[in-house]
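Survey of secondary and tertiary structure
Chain residues, written in single-letter form:
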Amino acid sequence: MFFLNLSAAEVLALLSGASALVVALYLFDRARRKIRVATLRFWVEARQPAPAHRRTRIQQPWSLLLQLIGIALLLLAIGQLQFGPRAGTPFDHVLILDTSSWMAARQPGSGGGQLIDQVREQARAYVRALPRYDRVMLVRADALATPATAFESSRARIEAAIAQSAAGVSALNLQQALEFARQAQRVGGGRAGEIVFIGAGRIAASASPGGGDPAPPNLRFIRVADRIENAGLRRIELKRSPSAPDTWEIYVSARNYGVRPRTTPLTLGFGGAPVGSRQLTLPPGGEAEATFTLRTTAAGVLEARLVHRDGFPLDDRVTLELPAQRRLRVAVYTADPAALRPLLEADPRLSAAFRRPDQYEPQPEADAMIVDGFRPKAPPALDAIWINPPDGGPLAFRQRVQNARLVRWNSAHPLGAGLRSKDWILASAAVLVAGSEDIRVAETEAGPVIVARAARPRAVVLGFDPARSPLRFELATPLLFANAFRWLAPGVFRREEVSGGSVGTVRMALDRATPPEAVRVAHEGGATLPFTLQDGVLTFFSGTRGTVSVSAGDREATHSLTLPEVGEARWEPPPGVRRGVPPAAAPLPAAFDLWPWLALAGGLVLWVEWLRYGRQNAGVRRGINAGWKPVRWLAAWRTRRSES
Amino acid sequence: MATAPLLDRQFLERLERLTIHWHKSFPGLVGGHNRSQFAGGGQEFLDHRHFHHGDDLRAVNWRAYLRLEKLFLKMFQVEPRVPVRLLLDVSASMAAPRPDKFWYARRLAAALCYVGLVRLDTIVLQPFADGLGERFLCGGGRHRFSPAVAYLTGLEARGRTGFLLSVREFLSRYSQRGLLMVISDFLDEDGCEKPLQYLADFGHELVLVQLWAEEDRSPPWAGELDLVDAETGQQVRLQVDDAARREYTQAFDTYAASLQRLAERAGGRYLGVAADRPLEEVMFGGLSRAGVVE
């Protein structure tokens, strides 16, 4: 019986307690009561009943007996009393189904069936082989172990959960699933049965149980045959070329999971048009890589495809969404555009529009402006770089110096990052008056000559003209302008990376100096994902397909996690582990469930007691008595007839 | 329960089709709706008689005189207004063991009162216990019903039942005979048969409505009981079983039958009403079949 795991003695004790309670309530109920009535005359006229001397005398023994019988029957029904032999205490088994992505592979010659179909079939066979009263917890295992049922004795519910199990998108983490099963049996409180793993045993190399705890002694392994040849894409990474920002450098890797060498073509397409192809030679269990370059500033969909047929087509194709190259529109107000043109046209991320000083507008259609050598009528409404402005411009002049040497760069600020040149000699420069909140980027002995103002709109003021002096041949000059533009519009110059991979754990190298608070990992739905940052390696986990964006300082990476994660290694159970579906338990003579009939009988007995002895049902009782009248009349008629 | 209206509007609308009827002929003011066997100034022709000195010449049958040369007088059937009195038991037994019975009695009295008011009868609501209480006279149409309801709602059940005292007082207070409806449980320790007989002998037409609660007729209790009389406070300790209950019910039914015999012997009517019966069923069923209302 499964009655709160009580033994028969405990059920009897419970029954005794309930019976005692019923008797006490009965005696209390039948105890003498004071009742106010309209008259006593008819009691006096009727036969005078004898007063009782013992209060505890049972006045309606049949009522009490019926109540006790009814409660006993109901208790036995709740206890699921069965008639027939049965085994001892049932076992609690944990059934781990492999629902990793590999279970979506198709076995050749199986008529299109997936491996998960075999897993389900084996699971059903195992459940049917168990003794009837054993309980089973179903656990679905991929990268995470997820219980589908509690310890359940209903075979219908277990089979329904088995039928609803489907292949996931991540690789199997068997060690975690086994540990989960062990803990479930430990805290379940029942008698631990087997831990059964049904699957192909293909696991991620990092998740092999051999390196962790030993396999549990009660483990049973039911292998699903998977002689499937498969080669698939492992990873694709794209990043802007440092030398040519309008060019994507593409890296693709593929792996052969089979046992036969394979040569397969890899094609790359962008926006539906082919942009490259390679022939990959994949040794058994080995990987091959290919690199491509794609010159484009437009947005579009990049597709990489292995052109072949195998048993697992889900990892033969990956698509990535590439963002457009962002540009910074710069309005350049200068009387000498030829001097600045080489500086501004070297970077495709800049789009310069040259205009004369008399065409000046405070807010042109641009993202930033350069004001070269004149003082505009109205201050700019955009971020601006001022080159050698006259006195009375954005900053006042302290003095003008000749042949001054630059002695100090503010390398700690992004505007001075990488600038350390001390051999700049400025033929003529204005020493600027910097406020307390202004940033001194470069200084001479006489004072600052490059000053930046962080308040919007931002401004960078150069007290000299680097483009029309020998400084234009210095390497530091384009670096200075690059720093200035990056500081004014950091979003445009952010380093972009796009990668395609599989769901599960993702690792990404960052600068070691990147503080964790500058990192943000967000799923495409907007939800942030937890991550760790250790020794410059960012690690996070995504169990669902989708796009995850990582933002870290001036770097932005987009991970398109659409490839299924396929385990590279095959788990082999240690010796001694039981294998295969066990033979069906010895068939017990069919036990007959008595509890429905007991419940019915208990309810019936209590109903009869209520009809016969209940207080509030005098009308019902009269009805019953009226129903019995013909029977009584018939009995009396038969008596009279026999007497006559 | 006391705050609920005694009768709802739909029920009152149905009551408007009823009329209170009596069987005896009573003298009274002309203008009622029940025919009397007395001759008088009515509309319906009753008989002829010889003319006597002093008779109203307007009633002489002049056609008969021309033919027979004798004076005959036409007699007409009178339709008098007869006082309808309603004796309502307000003793403590009416509220025992539950107040439903007294509530039901007041609702029944209100319904009869409304029927009478609609037909322009004059109704006297006369409560009694061990004597007559303060009466309430209502007449003149349905708009006088609200005060009657307020009066009935304000009644309380208390005191012992004293039919003899009450009847004596009644006979001395009301000399004019009429229809007398008694709504009571008729549970008087001293017996109520004799006083009721007095009323009948005095010439009143009796309508006895015996009310009982289910517990009054078929007590559901079993086992050891301390029974307390609601009126006298007398206490009896009994061991009650099925046989005792059966005999109790039998004694009750015998008493009810004796009341019925008394009423019928006196030319009146009797109706036994269980307080759990719908009032509508009593008004349109029991009382209608008994000819109290039609």
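Keep in mind the model is a prediction, meaning the values are calculated, not measured.

Cut-offs applied
Residues numbered from 1 in each chain as written. Chains lettered and ligands numbered in written order. Predicted model: local features only at pLDDT ≥ 70, side-chain atom pairs only at ≥ 80, totals over all residues. Helix = DSSP H or I, 4+ residues; strand = E, 2+ residues; numbered from the N terminus. Buried ≥ 20, exposed ≤ 12 C-beta atoms within 10 Å, placed from the backbone. Contact = placed C-beta atoms within 7 Å. Pairing = 2+ DSSP bridges. Axes fitted to C-alpha atoms, helices over the stretch in contact; angles between N-to-C directions. Parallel < 35°, antiparallel > 145°, perpendicular 65-115°, else oblique. Left-handed = near helix turned anticlockwise from the far one by under 90°. Nonpolar A, V, L, I, M, F, W, Y, C, P; charged D, E, K, R; others polar. pLDDT = per-residue confidence, 0-100. Core = buried A, V, L, I, M, F, W, Y, C linked by C-beta atoms within 7 Å. Expected span 1.5 Å × (residues − 1). Arc of directions from axis to C-beta.

**With respect to the overall build of chain A**
For chain A, the count of helices and strands is ten helices and 34 strands. Burial analysis of chain A (644 residues in total) assigns 35% to the buried set. Sequence separation of 24 or more characterises 69% of the internal contacts of chain A that already satisfy a separation of 6 or more.

**Considering the overall build of chain B**
Helix and strand content of chain B: nine helices and 13 strands. Out of the 294 residues belonging to chain B, those deemed buried represent 39%.

**Some remarks on the sheet that holds strand E12 (residues 235-240) of chain B**
Read from one edge of the open sheet, three strands run E1(A)-E11(B)-E12(B), paired in mixed fashion. Lying at the two open borders of the sheet, with one neighbouring strand each, are strand E1 (33-37) of chain A together with E12 of chain B. Put simply, the sheet's adjacent strands are angled 35° from each other on average, direction ignored. Note: strand E11 (residues 223-229) of chain B against E12(B), six bridges, orientation antiparallel. When the bridges of E12(B) are listed, Gly223(B) appears paired with Val240(B).

**A closer look at the sheet that holds strand E24 (residues 459-462) of chain A**
Residue and element names in this part refer to chain A. Strand order in this open sheet of nine strands is E17-E16-E18-E19-E24-E23-E22-E20-E21, and the pairing throughout is mixed. At either margin of the open sheet sits one strand with a lone partner, and together these are strand E17 (350-355) and strand E21 (425-432). Sheet twist, expressed as the mean angle between neighbouring strand axes with direction ignored, is 30°. Taken together, the five bridges between strand E18 (residues 368-372) and strand E19 (residues 383-387) define a ladder with parallel strand orientation. Paired with Ile370 across the strands is Ile385, a residue of E19. In this fold helix H7 (residues 337-344) packs onto strand E16 (328-333), E17 and E18, with an angle of close to 165° to the strand it touches most, E16. Together, E16, E17, E18, E19 and E24 form the strand contacts of helix H8 (residues 476-488), whose direction differs from that of E19 by roughly 155°.

**Considering the packing of helix H4 (residues 115-129) of chain A against helix H5 (residues 155-163) of chain A**
All names here are of chain A. Where H4 contacts H5, the two axes come as close as 10 Å, and the packing angle between them is 165°. In this view, H4 runs roughly antiparallel relative to H5, as classed from their interaxial angle. The interaxial crossing formed by H4 with H5 has right-handed handedness. Of the residues in H5, those in contact with Arg120, Ala123, Arg124 and Val127 of H4 are Arg155, Ile158, Glu159, Ile162 and Ala163. Here the contact of H4 with H5 is built from residues that sort into five nonpolar, no polar and four charged.

**A look at the confidence of the model for chain B**
Looking at chain B, the pLDDT average stands at 85 and 90% of residues meet or exceed 70. Quick note on the complex model: pTM equals 0.50, ipTM equals 0.80.

**Brief notes about the packing of helix H3 (residues 100-118) of chain B against helix H9 (residues 279-289) of chain B**
Residues and elements named next belong to chain B. In the contact formed by H3 and H9, the axes pass within 10 Å of each other and the chain directions differ by 45°. The orientation of H3 with respect to H9, classified from their angle, is oblique. As H3 runs across H9, the sense of the crossing is right-handed. Judged by residue contacts, Arg107, Leu108 and Ala111 of H3 engage Leu279, Val282 and Met283 from H9. Of the residues in the contact of H3 with H9, the class split is five nonpolar, no polar and one charged.

**Side note on the nonpolar core**
By size, the foremost hydrophobic cluster in this structure holds 82 residues, and its most contacted members are Leu86(B), Ala109(B), Cys113(B), Leu125(B), Met181(B), Ile183(B) and Val209(B). Among the elements that make up this core, the one with the highest residue count is H3(B) (twelve residues). When sequence neighbours within four positions are dropped, the list of residues in contact with Cys113(B) reads Leu86(B), Ile123(B), Leu125(B), Cys138(B), Phe145(B) and Ala148(B). Core analysis: the second largest hydrophobic core is formed by 71 residues, Val94(A), Tyr126(A), Leu219(A) and Leu322(A) among them.

**Topic: H3(B)**
All names here are of chain B. Taking 1.5 Å per residue, 19 residues should reach 27 Å; H3 reaches 27 Å between its end C-alpha atoms and fits that length. Within H3, 16 of the 19 residues are buried, leaving the element largely enclosed by the surrounding structure. Leu120 sits one or two positions beyond H3 and adopts a positive phi of about 65°.

**Details of H7(A)**
All names here are of chain A. Among the residues of H7, Leu340, Leu343 and Leu344 are the ones counted as buried. With its buried residues spanning 85° around the axis, H7 presents them on a single face. Seen from the open side of H7, the exposed residues pointing more than 90 degrees away from its buried face are Ala338 and Pro342.

**Details of the pairing of strand E9 (residues 179-184) of chain B**
Residues and elements named next belong to chain B. Most of E9 sits out of view: six of its six residues are buried. With burial as the criterion, each face of E9 is covered, one bearing Leu179, Met181 and Ile183 and the other bearing Leu180, Val182 and Ser184. Pairing of strand E6 (residues 84-89) with E9 involves five bridges; the strand directions are parallel. Looking across to E9, one finds that Leu88 is bridged to Ile183. Looking at chain direction, E9 and strand E10 (residues 205-212) are connected through six bridges and run parallel.

**Focus on the environment of Leu462(A)**
Residues and elements named next belong to chain A. Take Leu462: it is sitting in strand E24. Classification of Leu462 by C-beta neighbours within 10 Å gives buried; the count is 25. A C-alpha to C-alpha distance of 6.2 Å links Leu462 and Val449, two positions 13 residues apart in sequence. Those residues in contact with Leu462, other than ones at most four positions away along the chain, are Trp386, Ile387, Asn388 and Ile450.

**What about the pairing of strand E12 (residues 273-282) of chain A?**
Residues and elements named next belong to chain A. Pairing of strand E11 (residues 262-270) with E12 involves nine bridges; the strand directions are antiparallel. By the bridge assignment, Pro265 is partnered in E12 with Gln279. Hairpin connection, E11 to E12: the antiparallel pair is bridged by two residues, and Gly271 has positive phi, about 60°.

**Brief notes about unusual backbone geometry**
Residues and elements named next belong to chain A. Following Arg456, the chain continues to Pro457 via a peptide bond in cis, the omega torsion being -10°. Assignment of secondary structure puts Pro457 in the loop between strand E23 (447-453) and E24. Even without being glycine, Asn403 reaches a positive phi, approximately 50°. As for its placement among the helices and strands, Asn403 is situated in strand E20 (residues 397-409). Accessibility expressed as a C-beta count within 10 Å gives 9 for Asn403, which makes it exposed. Backbone geometry at Asp535 places phi at a positive 55°, although glycine is not the residue there.

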